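Coordinate analysis (summary)
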Amino acid sequence: AQEGTIRDMLEPYRNTDFKRIYWEGAVGDLCSYFSQVGRTWTPEYAQMEDYPVPAYRRIVENFANYQKQRIDPFRIAIDFSHELGLEFHASYRFCEGMGPFHFSPPFDQINQGGFYAKHPELRAIRRDGSLAPRISLSYPETREFLISLFLEMAEYPIDGISILYNRR
């Protein structure tokens, strides 16, 4: 049943004029595949009692089920996209100036143990000298981390990697 939900999301693109799918591979350090570099929505989030958005509960529960069944959801999306004749582009979502490394309330429970928490030295500094709640791209370590995510996604049989600046 879990596997079908990914196919169900892609099926409407069959026999259309769409040529490619941009599938979110990661946002901040949260990955939509089983990463060795970044984090996924499990197992640390499976114990959350309250989710700021109902969809997050479904994401966490689905990832837990995928992991338990040893099903790679990213691979299913890639394979089914190709079966439909679509290019598959793994996407990295930038939004709110690298904010996804740090989620603001009510999403702040997601921050525990992530790249942002582990690397306060890479946080952006405002003009007044105070720390901003985001990771800065000006640091080589930040860029190296992002490149390592891109390289990890590129190990899959994808057709490209895109950077999405789709919010604000």
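Up top is the structure these notes are about.
The structure reproduced in this document is the subject of the present report. All values reported here derive from a predicted model rather than from experimental measurement. (Residues numbered from 1 in each chain as written. Predicted model: local features only at pLDDT ≥ 70, side-chain atom pairs only at ≥ 80, totals over all residues. Heavy atoms only, no water.)

1. Points about the overall build of the protein chain
Under the convention used in this document: In this text, helices come from DSSP runs of H or I with a minimum length of four residues, and strands from runs of E with a minimum of two, each type numbered from the N-terminal end. Using a 1.4 Å probe on the protein chains alone, a residue whose accessible area is under 20% of its type maximum counts as buried, one over 50% counts as exposed, and one in between counts as partly exposed. It only takes one pair of heavy atoms within 4.5 Å for two residues to be counted as in contact.
Looking only at helices and strands, the protein chain features five helices and six strands. The order of α-helices and β-strands along the protein chain, N terminus first, is α-β-β-α-α-β-α-β-β-α-β. Counting all 168 residues of the protein chain, 43% fall into the buried class. At a minimum sequence separation of 6, the contacts of the protein chain that also span at least 24 residues come to 65%.

2. So, the environment of threonine 40
For threonine 40, the position within the fold is in the loop between β2 (30–31) and α2 (54–69). Judged by relative accessible area, which is 8%, threonine 40 ranks as buried. In this structure the C-alpha to C-alpha distance between threonine 40 and alanine 26, which are 14 residues apart in sequence, comes to 9.0 Å.

3. Considering helix α3 (residues 73–83)
For the record, the criterion: Definition of a polar contact: a pair of N or O atoms within 3.5 Å, with one able to donate and the other able to accept a hydrogen when the atoms are protein atoms, and with sequence-neighbouring residues admitted only if both atoms are side-chain atoms.
Of all the positions in α3, only Pro73, Phe74, Ile76, Ala77, Ile78, Phe80 and Ser81 are classed as buried. Measuring from the side-chain oxygen of the N-cap residue of α3 to the backbone nitrogen of phenylalanine 74 gives 3.1 Å; that N-cap residue is aspartate 72.

4. A look at the packing of aromatic side chains
Condition: Here the aromatic set is Phe, Tyr and Trp, taking the six-membered ring for Trp, and pairing holds for ring centres within 6.5 Å; pairs whose planes are under 30 degrees apart are stacked, those over 60 apart are edge-to-face, and all others are tilted.
In this structure the tally under the stated criterion is 10 aromatic pairs. Plain terms: the ring middles of tyrosine 33 and phenylalanine 74 are 5.3 Å apart, the flat faces sit at 40° to each other, and that makes the pair tilted. Here phenylalanine 74 lies in helix α3 and tyrosine 33 lies in the loop between β2 and α2, a separation of 41 residues in the sequence. Seen in terms of ring centroids, phenylalanine 74 and phenylalanine 88 are 5.5 Å apart; in terms of plane orientation they differ by 85°. Their pairing is edge-to-face. Of the two residues, phenylalanine 74 is situated in helix α3 and phenylalanine 88 in strand β3 (residues 87–95); the sequence distance between them amounts to 14 residues. Of the two residues, phenylalanine 74 and phenylalanine 88, neither departs from the other in class, the shared state being buried. Members of the aromatic cluster, connected to one another through ring pairs, are Trp23, Tyr33, Phe74, Phe88 and Tyr156.

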